[in-house]
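Chains, contacts and geometry: an overview
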Amino acid sequence: MKSIKVGITGGIGSGKSFVAKIFKTMGIPFYDADKEAKLIMTRSVIIREGLIQAFGEEVYFEDGSLNRKWLSAQVFNNPEKLELLNTIVHPVVIQDAVDWANTQTSCYSLKEAALLFESGSYKTLDYTILVVAPEELRIERVMNRDGVSREEVLNRINKQMPEEEKRKLADFIIVNNGIQPLIPQLYEIHKQLIRTC
């Protein structure tokens, strides 16, 4: 039996990681693309060579670990450099997620990624779940979580794909507004996915 590939995403502060963790507690195999990307950026020869060629030797420390702070500063407010970084990293991480999903034996597996739609990786999946929340609530959550200003959160939100665009691409939508219970929404999607196996 081939495991169905399901992606889960949401804008900053939507609570996608929290929702993904609930699926994980239900025993669904789980791939955290953002976490895996950090590991892959250190161990992948293709990415290492690509980043050094694009950004210079300073991108890695002498011990081989990624100079994250320095790299972030290079791409911050520089769309061309950010695009260059993404073209080096995304294809390798997307392939790693596909390889991982192909080893799963459960009815379906879940891939959590912040840039699921932006990176085009949703095209490798069978279904996508979008977690949504009102913008004001998202701003409040991120301000509390990261200790940043409202302006900084809005800046991050504005750099992401608009929610309306994501809604058009999503197969399922979970509303995480603190009012509608989450578990019934998750369970309904779970039931629908199980039926397709």
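Reference entry: report on the structure contained in this document.

About the thresholds
- Within each chain, residue numbers correspond to sequence positions counted from 1 in written order.
- Given that the model is predicted, a residue must reach a pLDDT of at least 70 before its local features are reported, and side-chain atom pairs must reach 80 or more before they are shown or counted; all residues, however, enter totals for whole chains, interfaces and linings.
- Processing note: side-chain calculations cover all non-hydrogen atoms of the structure and skip hydrogens and water entirely.
- Think of it this way: any DSSP run of H or I at least four residues long counts as a helix, any run of E at least two long counts as a strand, and we number them from the N terminus.
- We take the radius of gyration over the C-alpha atoms and set the globule estimate at 2.2 Å times the residue count to the 0.38 power.
- Throughout, exposure labels follow a simple rule: accessible area from a 1.4 Å probe, protein chains only, divided by the maximum for the residue type, with under 20% read as buried, over 50% as exposed, and the rest as partly exposed.
- Surface accessibility follows the Shrake-Rupley procedure with a 1.4 Å probe radius. Residue values consider only the protein chains on display as shielding.
- Positive charges are assigned to Lys and Arg, negative charges to Asp and Glu, while His and the chain termini are left out of the count.
- Every charge is mapped to an atom, namely NZ of Lys, CZ of Arg, CG of Asp or CD of Glu.
- In this analysis a 1.4 Å probe is tested at points of a 1 Å grid over the protein atoms alone, and where it fits but cannot get out there is a cavity; an open set with protein on both sides within 12 Å along at least five of seven lines is a pocket; lining residues have an atom within 4 Å of a point.
- Grid points are joined across faces, edges and corners, and a volume is the space filled by probe spheres set on the points.
- Residues are grouped as follows: Ala, Val, Leu, Ile, Met, Phe, Trp, Tyr, Cys and Pro are nonpolar; Asp, Glu, Lys and Arg are charged; every other residue, Gly included, is polar.

The subject of this paragraph is the overall build of the protein chain. Per the secondary structure count, the protein chain includes 9 helices and 5 strands. Along the chain direction, N to C, the helices and strands of the protein chain fall in the order β-α-β-α-α-α-α-β-β-α-α-α-β-α. A globule of 197 residues ought to have a C-alpha radius of gyration of about 16 Å, and the protein chain, at 18 Å, matches this closely. C-alpha atoms of the protein chain, sized along the principal axes, occupy 50 × 45 × 30 Å. Expressed as a percentage of its 197 residues, the buried residues of the protein chain come to 44%. Summing over all exposed atoms, the protein chain offers an accessible surface of approximately 10,900 Å²; the carbon and sulfur share of this is 55%. Averaged over its 25 positive side-chain charges, the protein chain has a centre that lies 5 Å from the centre of its 26 negative ones.

Applying the stated criterion across every chain, the model contains 1 cavity of 30 Å³ or more. One number sums up the size of the largest cavity: a volume of about 60 Å³. Residue lining of the largest cavity: Lys5, Val6, Ala97, Val98, Trp100, Ala101, Ser109, Leu110, Lys111, Thr124 and Leu125, and that is the complete set. Those elements giving two or more residues to the lining of the largest cavity turn out to be strand E1 (4-10), helix H5 (79-102) and strand E3 (108-112). For the lining of the largest cavity, the leading source of residues is H5, giving 4 residues. Of the residues assigned to the lining of the largest cavity, the class counts are 7 nonpolar, 2 polar and 2 charged.

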